[in-house]
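Examination of the molecular architecture
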Amino acid sequence: MRRRCGGLALASLLALAGCVTTPSPPTPLPDRPSLAQAYAGRLRLGVAVEPEQLQGAQAALLLQQFNSLVAENAMKPSRLQPAEGRFRFERADAIADFARQHGLALRGHTLLWHQRTPDWFWRAPDGGLAERPLVLRRLQKHIDTVVGRYRDVVQDWDVVNEVIDASQPDCLRDNLWKQVVGPDYVAQAFRFARAADPAARLWINEFSTTVPAKRDCLARVLHGLLAQDVPVQGVGHQMHLNLDTPTAPEVEASLALFAGLGLRNQVTELDMSFYRPGEATLTAPPPALRTRQAERYAALMAVFLRHPELDSVTWWGLHDGQSHLTRWPLAWRADEPLLFDRALQPKPAWSALLQAAPGP
Ligand code: G3I
């Protein structure tokens with residue numbers, strides 16, 4: 001990516017200074033079948049990206065293989081509005097411009113997440129804890145500004161992210177949103193988003209939606225929202241999976257439950273770790289794990305394809321070297337959760353998904 005900005009050289013300084021970004025053209029790739037084309041007309045296939053990836057070989061790969069994007073971090077509230085009223089759109093704009101330029105779909109992630117709500121949201125002018133009316137005004141302004149800015153290019157917004165907690169009597173996570181605003185903050189966020197864009201599809205995005213207690217809690221919350229005519233269109237299933245869980249029948253049961261409520265489903269953050277939570281290895285994983293991963297991706301795709309209300313599958317990263325799983329909890333953990341390896345070469349999972357594609 002080439003940047004032009006008054007002679008400054010360091011990328012971080014340039015980003016801070018909000019300089020103009022001119023992406024260098026995608027690098028030509030070898031001819032190979034396109035996953036997105038194989039699923040065209042049935043599913044949109046996407047990946048999460050940071051703006052630095054939208055150039056060179058990575059841009060070429062994503063344009064060849066995918067037709068949808070989501071910002072891995074650039075559209076989170078703490079990134080877009082780090083200080084009250086001081087919006088920083090450069091990184092999100094770079095992704096939105098790339099999507100516009102290449103005719104890609106763009107998912108918006110996310111308007112409200114307890115983990116990435118900047119602290120100023122909670123601060124009253126006297127330095128104490130802000131009260132409900134002020135926090136709601138701030139939320140409305142944030143949603144109005146962000147959704148309004150990307151209305152032409154974002155079709156789907158993750159309005160709220162990770163609000164469910166099955167251990168709570170009301171199924172809603174115990175966080176400052178609930179404590180300061182009250183449990184109706186979820187409904188308020190959806191209403192603000194609908195007012196800012198009458199056409200966007202609005203999603204509640206959640207992890208572990210296949211675990212029965214969590215799944216049923218999510219259904220209970222959605223039931224309540226639908227009964228109050230809150231404009232929620234569907235469930236975004238993050239689907240951070242491993243080689244064993246959840247099983248295909250568990251995924252099927254979850255999708256069927258929400259479809260039965262008249263809602264849509266999307267897969268929003270798909271990856272498949274070689275390890276269970278907490279496990280890790282620093283040595284190269286045995287090749288057999290790649291085969292197992294390929295079989296499992298294909299089996300789960302068959303489940304997704306049986307659901308006509310599910311129209312989009314997004315991987316949480318373009319290639320294994322970029323995955324959040326290789327950065328956390330160990331920066332060099334040898335995980336391989338995605339469809340392309342660190343050298344951007346297709347893995348067995350990619351071939352298996354090509355074969356699993358619906359016929360023309
Ligand atoms: O950009 C800074 C960099 O300048 C700095 O040198 C570095 C040092 O740690 O940090 C970098 O920021 C990190 C950022 O990822 C980019 O790598 C943040 O510390 C780190 O917190 C951030 O983590 C992201 C995480 O959400 C929290 O926002 C992950 O990339 C992102 O993959 C992850 O995504 C979440 C979804 O939004 C919601 N569902 C779960 C999913 C995975 O955790």
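Please refer to the structure higher up on the page.
Residues numbered from 1 in each chain as written. Predicted model: local features only at pLDDT ≥ 70, side-chain atom pairs only at ≥ 80, totals over all residues. Heavy atoms only, no water.

Some words on the environment of N205
Here is the rule we go by: What counts as a helix is a DSSP run of H or I of at least four residues, what counts as a strand is a run of E of at least two, and both are numbered from the N terminus. Contact definition: two residues touch when any of their heavy atoms are within 4.5 Å.
Relative to the helices and strands, N205 is located in strand β7 (residues 201–206). In the structure, N205 is positioned 33 residues away from Q238 in sequence and 6.8 Å away in space, judged by C-alpha atoms. Setting aside residues no more than four positions away along its own chain, N205 makes contact with H109, D158, V160, N161, E162, G236, H237, Q238, T268 and E269.

Examining the pairing of strand β11 (residues 310–315)
What counts, and what does not: Think of it in three bands: with a 1.4 Å probe and only protein chains considered, a residue is buried below 20% of the maximum accessible area for its type, exposed above 50%, and partly exposed in between. Strand pairing is assigned whenever DSSP detects at least two bridges linking the two strands.
Burial within β11 is extensive, with six of its six residues counted as buried. Looking at chain direction, strand β3 (residues 44–49) and β11 are connected through four bridges and run parallel. When the sheet's bridge partners are listed, G46 is paired in β11 with T314. Of the strand pairs in this sheet, strand β10 (residues 264–273) and β11 are connected by three bridges, and their pairing is parallel. Along β11, the bridge assignment pairs V267 with V313.

Regarding the packing of helix α11 (residues 288–305) against helix α12 (residues 348–355)
How we decide: Only the stretch in contact is used when fitting a helix axis, every axis being a line fitted to C-alpha atoms; angles between N-to-C directions are given from 0 to 180 degrees. An angle below 35 degrees is read as roughly parallel, one above 145 as roughly antiparallel, one from 65 to 115 as roughly perpendicular, and any other as oblique. For a crossing to be left-handed, the near helix must be turned anticlockwise from the far one by less than a right angle; the clockwise case is right-handed. Lys, Arg, Asp and Glu make up the charged group, whereas Ala, Val, Leu, Ile, Met, Phe, Trp, Tyr, Cys and Pro make up the nonpolar group; the residues left over, Gly among them, are polar.
The geometry of α11 relative to α12 is characterised by a closest axis approach of 8 Å and an angle of 30° between their N-to-C directions. Here α11 lies roughly parallel to α12, going by the angle between them. The hand of the α11/α12 crossing is right-handed. Facing α11, whose interface residues are R290, Q293, A294, Y297, A298 and M301, α12 presents P348, A349, A352 and L353. Residues belonging to the contact of α11 with α12 are distributed by class as follows: eight nonpolar, one polar and one charged.

A look at the site of the ligand
Threshold: Residues are labelled near a given molecule or strand when at least one of their non-hydrogen atoms is within 4 Å of it. What qualifies as a polar contact is a pair of N or O atoms within 3.5 Å, subject to a donor-acceptor requirement within protein and to the restriction that residues adjacent in sequence count only when both atoms come from side chains. For every accessible area listed, the method is Shrake-Rupley and the probe measures 1.4 Å; residues are considered covered only by the protein chains on display.
Taken together, the neighbourhood of the ligand is formed by 16 residues, with E72, K76, H109, E269 and R327 sitting nearest. Here H109 contributes a side-chain N or O atom positioned 2.8 Å from an oxygen atom of the ligand. A distance of 3.0 Å separates an oxygen atom of the ligand from a polar atom in the side chain of W316. Taken by itself the ligand offers 800 Å² of open surface, and the protein chains cover 53% of this. Residue classes in the shell around the ligand are distributed as two nonpolar, six polar and eight charged.

A closer look at the pattern of salt bridges
Stated precisely, the cut-off is as follows: Salt bridges are counted wherever a side-chain nitrogen of Lys or Arg sits within 4 Å of a carboxyl oxygen of Asp or Glu.
Under the criterion given, the structure shown has 20 salt bridges. Notably, a salt bridge pairs D156 with R201, separated by 2.8 Å at the nearest N-O pair. With D156 in strand β6 (residues 154–161) and R201 in strand β7, the pair connects residues that are 45 residues apart, well separated along the chain. D156 sits in the buried class, given a relative accessible area of 0%. The exposure class assigned to R201 is buried, which follows from its relative accessible area of 17%. Its salt-bridge partner being R201, residue D311 comes within 2.8 Å of it at the nearest N-O pair. One end of the pair, D311, is in strand β11; the other, R201, is in strand β7, with 110 residues separating them in the sequence. Three or more residues joined by partner-sharing salt bridges are found here, namely R44, D156, R201, R264 and D311.

A short note on the pairing of strand β8 (residues 234–237)
In plain terms, the rule: Handedness rule for crossovers: strands pointing away from the viewer, path from the first strand over the helix to the second running clockwise, crossover right-handed.
One ladder, built from four bridges, connects β7 with β8; its direction is parallel. If you follow I204 over to β8, its bridge partner there is V235. A crossover links β7 with its parallel partner β8, the connecting element being helix α9 (residues 212–227), and its sense is right-handed. As defined by bridge partners, β8 adjoins β10 across four bridges and the pair is classed as parallel. Paired with V235 across the strands is N265, a residue of β10.

Some points on the environment of S208
Mapped onto the elements, S208 comes out in the loop between β7 and α9. Residues S208 and H240, spaced 32 residues apart in sequence, show a C-alpha to C-alpha distance of 7.8 Å.

A few points about the nonpolar core
Soluble globular proteins tend to pack their nonpolar side chains together in the buried interior. Short version of the rule: The criterion is simple. A nonpolar core is a set of buried Ala, Val, Leu, Ile, Met, Phe, Trp, Tyr and Cys residues joined through side-chain atoms within 4.5 Å.
Membership of the largest hydrophobic core comes to 104 residues, with the highest contact counts inside it found for L62, Y150, W157, F304, W315 and L339. In terms of residues, this core owes the most to one element, helix α8 (residues 185–196), which gives eight residues. Excluding anything up to four places from it in sequence, Y150 contacts M75, F89, A92, D93, A96, R100 and W157.

Points about α9
For an α-helix the count is 3.6 residues per turn, leaving residues at separations of three or four pointing the same way. Convention followed: To estimate the expected span of a helix, count its residues, drop one, and scale the result by 1.5 Å.
Over its 16 residues, α9 runs 22 Å from end to end, which matches the ideal 22 Å to within 8%, given 1.5 Å per residue. Contacts from the buried residues of α9 go to α8, β7, β8 and α10 (248–260). Of the residues flanking the end of α9, it is D229, one or two places downstream, whose phi is positive at about 60°.

Quick look at unusual backbone geometry
At the junction of H109 and T110, the peptide bond is cis and its omega measures out at 0° in the coordinates. By the secondary structure assignment, T110 is in strand β5 (residues 105–113). Cis geometry is adopted by the peptide bond preceding P246, which originates at T245 and carries an omega value of -10°. Relative to the assigned elements, P246 resides in the loop between β9 (240–242) and α10. Not every positive phi belongs to a glycine, and D229 is a case in point at roughly 60°.

Overview of the state of the cysteines
Rule in force here: Any pair of cysteine sulfurs within 2.5 Å is marked as a disulfide.
The full count for this structure, using the stated rule, is one disulfide. The residue that forms a disulfide with C171 is C217, at a sulfur-sulfur distance of 2.0 Å. The sign of the -70° torsion about the S-S bond sets the C171-C217 disulfide as left-handed. With C171 in the loop between β6 and α7 (176–181) and C217 in helix α9, the pair connects residues that are 46 residues apart, well separated along the chain. With relative accessibility at 2%, the residue C171 sits in the buried group.

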